[in-house]
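The lines below spell out each chain.
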Amino acid sequence: MNTINRRFFLRKSAAGLGGAMLLLQLPKSLLAQARMLDIPIGFQTWTVRESLSKDFDATLKMMAALGYRLTEMCSPKGYVNAGFGTLVAMNPTEMRKRIEDAGLRCPSCHFGFNEFSDENLADRIAFAKQLGMEQMICSSFGLPKTASLDDYLSAADRLNKAAEKIKQAGLQAGFHNHSTEFAKLNDQLIYEALLSRFDPELVKMQFQTEVINLGYKASDYFNKYPGRFISAHLSDWTTDKKQVPVGQGVIDWKEFFATAKKGGVKNFFVEMEPDTFKDSAVYIRSL
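Rules of the game
Residues numbered from 1 in each chain as written. Predicted model: local features only at pLDDT ≥ 70, side-chain atom pairs only at ≥ 80, totals over all residues. Heavy atoms only, no water. Helix = DSSP H or I, 4+ residues; strand = E, 2+ residues; numbered from the N terminus. Contact = heavy atoms within 4.5 Å. Polar contact = N/O pair within 3.5 Å; in protein donor to acceptor, adjacent residues only side chain to side chain. Core = buried A, V, L, I, M, F, W, Y, C linked by side-chain atoms within 4.5 Å. Buried < 20%, exposed > 50% of the residue type's maximum accessible area, 1.4 Å probe, protein only. Salt bridge = Lys/Arg side-chain N within 4 Å of Asp/Glu carboxyl O. Pairing = 2+ DSSP bridges. Axes fitted to C-alpha atoms, helices over the stretch in contact; angles between N-to-C directions. pLDDT = per-residue confidence, 0-100. Right-handed = clockwise from strand over helix to strand, strands pointing away. Parallel < 35°, antiparallel > 145°, perpendicular 65-115°, else oblique. Left-handed = near helix turned anticlockwise from the far one by under 90°.

Student: What is the right way to look at the environment of E192 in this model?
Tutor: Relative to the elements of secondary structure, E192 occurs in helix α9 (residues 190-197). Along the chain, E192 and E181 lie 11 residues apart, while their C-alpha atoms are 8.5 Å from each other. Not counting the four nearest positions on each side in its chain, E192 is found in contact with Y221, K224 and Y225. Of the polar contacts made by the side chain of E192, one reaches the side chain of Y225; its length is 2.2 Å.

Okay, structure coming up:
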């Protein structure tokens, strides 16, 4: 995702305040249906990291005004050189309070693979618990393009090991896919191989819907692997692979949400460019 400058985000978010008012004006029947479905709409902080690092509180409050109730952080320590470095000094207890003061909750966070190592895991679990998290998601193994299938499976074994300690701490470990895992090695789809290797109880999957651009549907995996998923990253795309707000692209979102429960999905995080957040929230609430 491209970075954004604060002026751009605030301009788009100001327009988004109108979207928040629009949410309040939706027919009561639609709002009631949204409550009945109990869809916990969240957003991933990656695409607003620049604005977040400059004005943490204002950015979170702006997102809450658009109708979002959950946020998924990126670990400041793990992402210190990727836009979250200014947040390293913030105490996690303080961070939790500021998130909650904005009207949000943070049940999940992305961590770099090295944060699941033996020397770092205890500190990262403590961070997660202080922030009130329920899920610790490995964002990527960070393997080189030359990695073999055995390299992926070895990394999966290491995450399984860390996930045992995470479960003992009362948290759930997860793994986030990119397009990388939807390539084949040894005539086998890497994603399928990882699903076979991960312990189903220890490591749940976070599905990124962007792989629709490669021909893979989240609903197919939710049906094929019931209970194996914990959350999903939402983005929508046109037939020519241009990003558009949720509901304006090729993904069948009614099918997606209908099968997500079977897959075990608990949280949904929109992860797109900021100018899509308003319309995405309105659409999801209208389902």
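So that's the structure; there's more coming.
Student: Please clarify how the nonpolar core should be interpreted in this entry.
Tutor: A general tendency of soluble globular proteins is for nonpolar side chains to be buried together. M73, F141 and L234 are the most contacted members of the largest nonpolar core, which totals 82 residues. The element contributing the most residues to this core is helix α8 (residues 149-168), with seven residues. Not counting the four nearest positions on each side in its chain, L234 is found in contact with T209, V246, W253, F256, F257, F268, F269, V270, E271, M272 and I284.

Student: Would you mind going over the environment of E115 with me for this structure?
Tutor: With respect to the helices and strands, E115 occurs in the loop between β3 (105-111) and α7 (118-130). The sequence separation of E115 and C138 amounts to 23 residues, and the corresponding C-alpha distance is 8.6 Å. Polar side-chain contacts of E115 include one of 2.8 Å to the backbone nitrogen of G112.

Student: Sorry, what's going on with the pattern of salt bridges here?
Tutor: When the charged atoms of two side chains lie near each other, side chains of opposite charge can form a pair. For the structure shown, the criterion picks out 15 salt bridges. Among the salt bridges present, the one from E94 reaches R98, with a minimum N-O distance of 2.9 Å. Of this pair, E94 and R98 both sit in helix α6 (residues 92-101), four residues apart, which is roughly one turn of that helix. Taking relative accessible area as the criterion, E94 reaches 38% and is therefore assigned partly exposed. Here R98 falls in the partly exposed class, since its relative accessible area comes to 23%. Among the salt bridges present, the one from D240 reaches K242, with a minimum N-O distance of 3.8 Å. The partly exposed category is assigned to D240, whose relative accessible area is 47%.

Student: For this particular structure, what's the right way to read the sheet that holds strand β8 (residues 203-208)?
Tutor: Backbone hydrogen bonds hold the strands of a sheet together, and the pairing may be parallel or antiparallel. The strand order β1-β2-β3-β4-β5-β8-β9-β12 describes a closed barrel built from eight strands, whose pairing is parallel. Strand-to-strand, the axes of this sheet are offset by a mean angle of 30 degrees, without reference to chain direction. Lying over the sheet, α7 contacts β3 and β4 (135-138), oriented at roughly 160 degrees with respect to β3.

Student: What is the right way to look at the confidence of the model for the chain in this model?
Tutor: The predicted coordinates should not be examined in detail at positions where pLDDT is low. Here the chain shows a mean pLDDT of 90. Residues at 70 or above account for 87%. For the stretch residues 1-10, pLDDT sits under 50, and the model shows 26 contacts to residues farther than four places along the chain or on other chains. Low pLDDT (under 50) marks residues 12-36, which in the prediction has 28 contacts with non-local residues, meaning those over four places away or in another chain.

Student: Help me out: how do you make sense of the pairing of strand β5 (residues 172-176) in this one?
Tutor: Side chains on a regular strand alternate between the two faces of the sheet. β5 sits mainly inside the fold: five of its five residues count as buried. The alternating pattern of β5 places Q172, G174 and H176 and A173 and F175 on opposite faces, both of which are buried. Judged from the four bridges that link them, β4 and β5 form a sheet pairing that is parallel. Counted as the bridge partner of C138 is F175 from β5.

Student: For this particular structure, what's the right way to read the pairing of β4?
Tutor: Across the two faces of β4 the burial is the same, with Q135 and I137 and M136 and C138 all buried. The pairing of β3 with β4 spans four bridges and is classified as parallel. Across the sheet, the residue bridging to S108 is Q135, located in β4. One crossover worth recording links β3 to the parallel β4 by way of α7, and it is right-handed. Handedness of the β-α-β unit built from β4, α8 and β5 comes out right-handed.

Student: Help me out: how do you make sense of the side chain of T47 in this one?
Tutor: Counting through the fold element by element, T47 comes out in the loop between β1 (41-44) and α3 (49-54). Residue T47 is classed as buried on the basis of its relative accessible area of 1%. A distance of 2.8 Å separates the side chain of T47 from the backbone oxygen of M272, its partner in a polar contact.

Student: Help me out: how do you make sense of the packing of α6 against α7 in this one?
Tutor: For any two helices packed against each other, the geometry comes down to the angle between their axes and how far apart the axes lie. Where α6 contacts α7, the axes come no closer than 8 Å and their chain directions differ by 30 degrees. Taken as axis vectors, α6 and α7 run roughly parallel relative to one another. In the crossing of α6 with α7, the sense of the turn from one axis to the other is right-handed. Every residue of α7 that contacts α6 at P92, T93 and R96 is listed here: F127, K129 and Q130.

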